[in-house]
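In case you want the letters, here they are:
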Amino acid sequence: MYVCFNEHHRINHARYKRNYESDNDVTAVRMRIINDSLTILFANDEIIVYNICKKYRIRDRALVAVENTSLGLKKNDFFGLLGNTGCGKSTLLNMMVGKIMMTYGDVYYNGHSIKTDFFKVAKHIGYCSQDDYLINELTGRETLLLFGRIRGVPEQRLQRIVEYLADVTLLTSIVDFRVQNYNIINRRKLSFAIAIIGNPPYILMDEPTKGVEPIVKLAMWSLLRHHQKSGCTIILASESCRECTTLCTTMAVMVDSRIVCLGTPEQLSRKYGNSYTISLHLKDGLDTTKHIVKHIHTVFKRVPVYETDMYVHFELPQNLMPLSKLFTLTETMKVELDLDSYTIRHTSLELKYLFYMWKEEDH
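Every value quoted in this text rests on a predicted model; they were computed, and no experiment measured them.

Calculation notes
Residues numbered from 1 in each chain as written. Predicted model: local features only at pLDDT ≥ 70, side-chain atom pairs only at ≥ 80, totals over all residues. Heavy atoms only, no water. Helix = DSSP H or I, 4+ residues; strand = E, 2+ residues; numbered from the N terminus. Buried < 20%, exposed > 50% of the residue type's maximum accessible area, 1.4 Å probe, protein only. Contact = heavy atoms within 4.5 Å. Areas by Shrake-Rupley, 256 points an atom, 1.4 Å probe, with all protein chains shown as cover. Core = buried A, V, L, I, M, F, W, Y, C linked by side-chain atoms within 4.5 Å. Pairing = 2+ DSSP bridges. Axes fitted to C-alpha atoms, helices over the stretch in contact; angles between N-to-C directions. Arc of directions from axis to C-beta. pLDDT = per-residue confidence, 0-100. Salt bridge = Lys/Arg side-chain N within 4 Å of Asp/Glu carboxyl O. Parallel < 35°, antiparallel > 145°, perpendicular 65-115°, else oblique. Left-handed = near helix turned anticlockwise from the far one by under 90°. Nonpolar A, V, L, I, M, F, W, Y, C, P; charged D, E, K, R; others polar.

**A few points about the overall build of the chain**
Looking only at helices and strands, the chain has 13 helices and 14 strands in total. Here the chain holds 363 residues, and 51% of them are scored as buried. Counting only contacts in the chain whose residues sit at least 6 apart along the sequence, the fraction spanning at least 24 positions is 71%. In the form shown here, the chain has an accessible surface area of approximately 17,600 Å², with 52% of it arising from carbon and sulfur atoms.

In structure tokens, the structure reads:
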């Protein structure tokens, strides 16, 4: 069961509209969702995110939290939404469960609109939000028993399930304490257990493993895989590329309110793994990197450049030149620019994700 609360007008994650290019797969999905009839979409997709958008009006400025997002998820999909803090992941999930109102658009679960059929849809959703709304006066055990009964778990099995969930989330020692005494990590673990108890057909998770113990994180991963195999459709928002590539059948990267790439982990790895990443390690005491960036653009023309502490990174297509020539040019650059060292490596999906994050921080 999902309980709807009034919309919170928080805008710390909302950004001014910026131009990030979405890849062809994102555009293709969006055009399919917009152009196909709902009858066709309902026949093909279990969850449909139909061109939803969230904007906030602050004085005379419009802040965009989620911009024109469309998705189609099949039954049993495990969808990963990968993005940095503040990119709009939580806002998107909160709109998908009806927690906050969308500016326009809609979300359909098995043909039912979250806007017009909220109570029919919400009872089938398990949602683990970052902002929990636990009942502080109840104990952890009482909370799990309450939601288990609401979801119709048979009484003869309920006690055993509660004990199991408390055990795998390492809450056994405090399960009979009032929730008001739980720290933020234990509250998150309890929210995770609430979301999956009773096997709801739709499970939405907003960074459920953030900050939890490694052994609990692995147990959470195992439980989510089990629920997917048993027929659940799962959406997981995460900042961890490893978490998404390990668990998800499909994933998307969200940057500054927009989904910029979409596909299976294998497809994205192939798409973004056909380049080299060169990382230049700067010497201590360097005041500026402008001359280094200028030199890179002089030698390699218009290549994407990203700057982090003591490093300048840039990408080159693998077919641009032989690896031997790339090493020669980079070694010459090391001498001419008085660099400390450099590395050349294949661009991984995780590295590409980091580039998106650095690009977002630069704006």
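Having seen the model, we can carry on.
**Quick notes on the nonpolar core**
Counting residues in each nonpolar core, the largest one holds 49 residues, and the members touching the most others are Leu190, Phe192 and Met205. Counting 41 residues, the second largest nonpolar core, distinct from the first, contains Val26, Met96, Val97 and Met102.

**What about the sheet that holds strand β4 (residues 104–109)?**
If you walk across this open sheet you meet the four strands as β2-β1-β4-β5, and the pairing is antiparallel. Strands at the two margins of the open sheet, each flanked by one partner only, are β2 (61–73) and β5 (112–113). Note: strand β1 (residues 47–58) against β4, five bridges, orientation antiparallel. Paired with Ile47 across the bridge in β4 is Tyr109. Strands β1 and β2 of the sheet are contacted by helix α1 (residues 24–35), whose axis makes an angle of about 85 degrees with β2. In the packing of helix α3 (residues 89–96) onto the sheet, contacts are made with β1, β2 and β4, and the angle to β1 comes to roughly 120 degrees.

**Let's talk about helix α10 (residues 265–272)**
Of the residues making up α10, those classed as buried are Pro265, Leu268 and Tyr272. Within α10, the buried residues cover an arc of 65 degrees as seen down the axis, which keeps them to one side. Opposite the buried face of α10, at more than 90 degrees from it, the exposed residues are Glu266 and Arg270.

**Quick notes on unusual backbone geometry**
One non-glycine residue, Asn76, lies in positive phi territory at about 75 degrees. By secondary structure assignment, the location of Asn76 is in the loop between β2 and β3 (78–83). Residue classification places Asn76 among the partly exposed residues on the basis of a relative accessible area of 27%. Look at Leu170: it is not a glycine, yet its phi comes out positive at around 60 degrees. Checked against the element boundaries, Leu170 lands in the loop between α6 (155–168) and α7 (184–196).

**Quick word on the confidence of the model for the chain**
Detail in the predicted coordinates should be disregarded across regions flagged by low pLDDT. In the predicted model, the chain carries a mean pLDDT of 87, and 90% of its residues have values of at least 70. Low pLDDT, under 50, characterises residues 1–20; the predicted model gives this stretch 61 contacts beyond four residues in sequence or across chains.

**Topic: the pattern of salt bridges**
According to the stated counting rule, one finds 11 salt bridges in the structure shown. Among the ionic pairs, Glu207 bridges to Lys89, the shortest N-O distance being 3.3 Å. With Glu207 in the loop between β7 (202–206) and α8 (214–229) and Lys89 in helix α3, the pair connects residues that are 118 residues apart, well separated along the chain. The exposure class of Glu207 is buried, given its relative accessible area of 6%. Accessibility expressed as a relative area gives 4% for Lys89, which makes it buried.

**A short note on the environment of Leu323**
Following the sequence through the fold, Leu323 ends up in helix α12 (residues 323–336). Assessed through its relative accessible area of 37%, Leu323 is described here as partly exposed. Non-local contacts of Leu323, meaning those with residues more than four positions away in its chain, are made with Tyr276 and Ile344.

**Let's talk about the packing of helix α11 (residues 290–300) against α12**
A pair of packed helices is captured by two measures, namely the crossing angle of their axes and the spacing between those axes. Contact pair α11 / α12: the axes reach a minimum separation of 12 Å and the direction vectors enclose 150 degrees. Classified by the angle their axes make, α11 and α12 are roughly antiparallel. Handedness of the α11/α12 crossing: right-handed. Residue-level contacts link His295, Ile296 and Phe300 of α11 to Leu326, Leu329, Met333 and Glu336 of α12. Residue composition of the contact of α11 with α12, by class: five nonpolar, one polar and one charged.

**Focus on the packing of α6 against α8**
Packing of α6 against α8 leaves a shortest axis separation of 9 Å and a crossing angle of 135 degrees. Taken together, α6 and α8 sit at an angle that is classed as oblique. Across the interface between the two elements, Tyr164, Leu165 and Val168 of α6 pack against Val216, Ala219 and Leu223 of α8. In terms of residue class, the contact of α6 with α8 is made up of six nonpolar, no polar and no charged.

**With respect to the sheet that holds strand β13 (residues 311–317)**
Strand order in the open sheet made by the four strands is β12-β13-β11-β14, with antiparallel pairing throughout. Of all strands in the sheet, those bounded by a partner on one side alone are β12 (305–308) and β14 (341–346). Neighbour-to-neighbour, the strand axes of the sheet open up by a mean angle of 20 degrees, direction not taken into account. The pairing of strand β11 (residues 275–281) with β14 spans six bridges and is classified as antiparallel. The residue of β14 that forms the bridge with Ser279 is Thr343. Packed onto the sheet, α11 meets β11, β12 and β13 and runs at close to 15 degrees relative to β13.

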